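What the coordinates show
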Amino acid sequence: MLPDWLAAVFAFVFGSLVGSFLNVVIHRLPRGESVVRPRSRCPGCRRPIRWYENVPILSWIVLRGRCRGCKARISLRYPLVELAGGLLALACLRQFGLAPWALCAFAFLAALLALTYIDLDHWLLPRVITIPFVVLGVAVSWIPGGPGLVGSVLGAAAGFASFVLIGAVAERILKKEAIGGGDVWLFAMIGAWLGLRALLPVALLASLQGAIAGIVLVAAARGEGRRTAAPPPKPTGDEELDAWEPPPGALPFGPFLSLGAAEFLFFGDALLDWYLGLFR
Ligand SMILES: [Zn+2]
């Protein structure tokens, strides 16, 4: 067998390379561009980025966050997404061991990471990611460590139905669309990967942390003397991307659902044990 430290190094390098690919997905997919071709270029001077300038995390540090050609700043987000990819792969290895479910869990987390940044940038959860990942989640659910086929199918169906229902009720009360179409598919995806029993805890974790972040943001905006309005409805279709601008200080819900799902993946059993223990 592979020594533990070598497996950990492999996991981190693999995860950071996936993170590097996720940067491309986050940047190009919402713009309708291919994620495979052409090769990456500097957005400033169109200079092609060479392989040795594209080593995850290290290249950004060596280049001190600037393009070698035109010295344009390279966003700190690129190495951070690569670092997140590496750490998430390492966490999956630690939690699930050198097993097929570790790879599945990492694929799920990688998709959530891409969706988080796309939603932060564009208030959009592209269905070309969420819907295939609903199918994939059901397809791998029988693997040891997964939620099982029944839990997965019920989770996907209940996730979809509950958000459609909540959305419809909220729409009648608020007289406007309250939950974006993208959130519905993301919640179905989370149900498919984590099973029916995860839905309520994930929704609670997401709402709680979303509310806290919202309060912090509103307070920060007050400090700057800006007014923050309640978020307007999110666009429902992928095609409305350019026509809609989120107000300053508002946050999309997708990142918080993703965060809640990741927390449940690693701490769900401990969390449920603790919660059920309160009634014993
Ligand atoms: Zn450049």
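Residues numbered from 1 in each chain as written. Predicted model: local features only at pLDDT ≥ 70, side-chain atom pairs only at ≥ 80, totals over all residues. Heavy atoms only, no water.

**Considerations on the confidence of the model for the chain**
- The share of residues in the chain with pLDDT of 70 or more is 90%, and the mean pLDDT across the chain is 88.
- Mean pLDDT in the chain bottoms out at helix α6 (residues 149-174), which sits at 89, and peaks at helix α5 (residues 127-140), which reaches 97. (pLDDT = per-residue confidence, 0-100. Helix = DSSP H or I, 4+ residues; strand = E, 2+ residues; numbered from the N terminus.)

**Brief notes about the coordination of the zinc ion**
- The coordination sphere of the zinc ion contains the protein donors Cys42 (SG), Cys45 (SG), Cys67 (SG) and Cys70 (SG), at a distance range of 2.3 to 2.4 Å.
- Here the zinc ion is ringed by four donor atoms whose angles at the metal span 104 to 114 degrees, and the overall shape comes out tetrahedral.
- One chain supplies every donor to the zinc ion, and in sequence these donors are spaced C-x2-C-x21-C-x2-C. Taken together, the residues span a long stretch of sequence, with Cys42 in the loop between α1 (4-28) and α2 (58-62) and Cys70 in the loop between α2 and α3 (77-96) at a distance of 28 residues.
- For Cys70, a relative accessible area of 35% gives the class partly exposed. (Donors = N, O, S within 2.8 Å, 3.2 Å for Na, K, Ca; no water. Tetrahedral: all angles 85-135°; square planar, octahedral: opposite > 155°, others 65-115°. Buried < 20%, exposed > 50% of the residue type's maximum accessible area, 1.4 Å probe, protein only.)

**A word on the packing of helix α7 (residues 181-194) against helix α8 (residues 199-223)**
- The geometry of α7 relative to α8 is characterised by a closest axis approach of 10 Å and an angle of 130 degrees between their N-to-C directions. Judged by the angle between their axes, α7 and α8 are oblique. Classified by chirality, the crossing of α8 by α7 is right-handed. Side by side, α7 and α8 meet where Phe187, Ile190, Gly191 and Leu194 of the first sit next to Leu199, Val202 and Ala203 of the second. (Axes fitted to C-alpha atoms, helices over the stretch in contact; angles between N-to-C directions. Parallel < 35°, antiparallel > 145°, perpendicular 65-115°, else oblique. Left-handed = near helix turned anticlockwise from the far one by under 90°. Contact = heavy atoms within 4.5 Å.)

**Quick notes on the packing of aromatic side chains**
- Under the definition given, this model contains ten aromatic pairs.
- Arranged with centres 5.8 Å apart and planes meeting at 55 degrees, the rings of Phe14 and Phe106 form a pair that is tilted. One end of the pair, Phe14, is in helix α1; the other, Phe106, is in helix α4 (residues 100-122), and 92 residues separate them in sequence.
- Looking at Phe106, the relative accessible area reads 6%, which means it is buried.
- Joined through ring pairs, the aromatic side chains of Trp101, Phe108, Phe133 and Trp193 make up one cluster. (Phe/Tyr/Trp six-rings, centres within 6.5 Å; stacked < 30°, edge-to-face > 60°.)

**Observations concerning the environment of Val135**
- As for its position among the elements, Val135 is in helix α5.
- C-alpha of Val135 to C-alpha of Trp193: the two residues are 58 residues apart in sequence and 9.5 Å apart in space.

**Thoughts on the pattern of salt bridges**
- One pass over the structure, following the stated rule, counts four salt bridges.
- In this structure, Glu53 engages Arg47 in a salt bridge whose closest nitrogen and oxygen atoms are separated by 3.3 Å.
- Of the charged contacts in the structure, one is a salt bridge between Glu53 and Arg68, with a shortest N-O distance of 3.0 Å. Of the two residues, Glu53 sits in the loop between α1 and α2 while Arg68 sits in the loop between α2 and α3, which places them 15 residues apart along the sequence.
- Look at Glu53 and you get buried, because its relative accessible area is 10%. (Salt bridge = Lys/Arg side-chain N within 4 Å of Asp/Glu carboxyl O.)

**Details of the nonpolar core**
- Counting residues in hydrophobic clusters, the biggest one holds 53 residues, and the most contacted among them are Met189, Trp193, Leu194 and Val202.
- A total of 13 residues in this core trace back to one element, the largest contributor, which is α4.
- Each of two domains, domain 1 (1-98) and domain 2 (99-280), supplies a minimum of three residues to this core. (Core = buried A, V, L, I, M, F, W, Y, C linked by side-chain atoms within 4.5 Å. Domains from an automatic or database assignment.)

**A short note on the layout of surface pockets**
- Taken as a whole, the largest pocket spans an internal volume of roughly 990 Å³.
- Taken together, 37 residues make up the lining of the largest pocket; nearest its centre are Ser40, Arg41, Ile49, Asn54 and Tyr78.
- Elements represented by at least two residues in the lining of the largest pocket include exactly α1, α2 and α3.
- The dominant element in the lining of the largest pocket, judged by the number of residues it contributes, is α1, at six residues.
- Class assignment of the residues belonging to the lining of the largest pocket gives a composition of 17 nonpolar, nine polar and eleven charged. (1 Å grid on protein atoms, 1.4 Å probe; cavity = no way out; pocket = protein on both sides within 12 Å on 5 of 7 lines; lining within 4 Å. Points joined across faces, edges and corners; volume = space filled by probe spheres on them. Nonpolar A, V, L, I, M, F, W, Y, C, P; charged D, E, K, R; others polar.)

**Observations concerning α3**
- Over its 20 residues, α3 runs 28 Å from end to end, which matches the ideal 28 Å to within 8%, given 1.5 Å per residue.
- Considered for burial, the residues of α3 that qualify are Pro79, Val81, Glu82, Gly85, Gly86, Ala89, Cys92 and Leu93.
- Summarising the contacts, the buried residues of α3 are in contact with α1, α2, α4 and α9 (254-277).
- In the segment just after α3, Gly97 is the residue with positive phi, at about 75 degrees. (Expected span 1.5 Å × (residues − 1).)

**Quick word on the side chain of Ser16**
- Following the sequence through the fold, Ser16 ends up in helix α1.
- The buried category is assigned to Ser16, whose relative accessible area is 5%.
- One polar contact links the side chain of Ser16 to the main-chain carbonyl oxygen of Val13, over a distance of 2.9 Å.
- If we skip the residues at most four places from it in the chain, Ser16 touches Pro56, Ile57, Glu82, Gly85 and Gly86. (Polar contact = N/O pair within 3.5 Å; in protein donor to acceptor, adjacent residues only side chain to side chain.)

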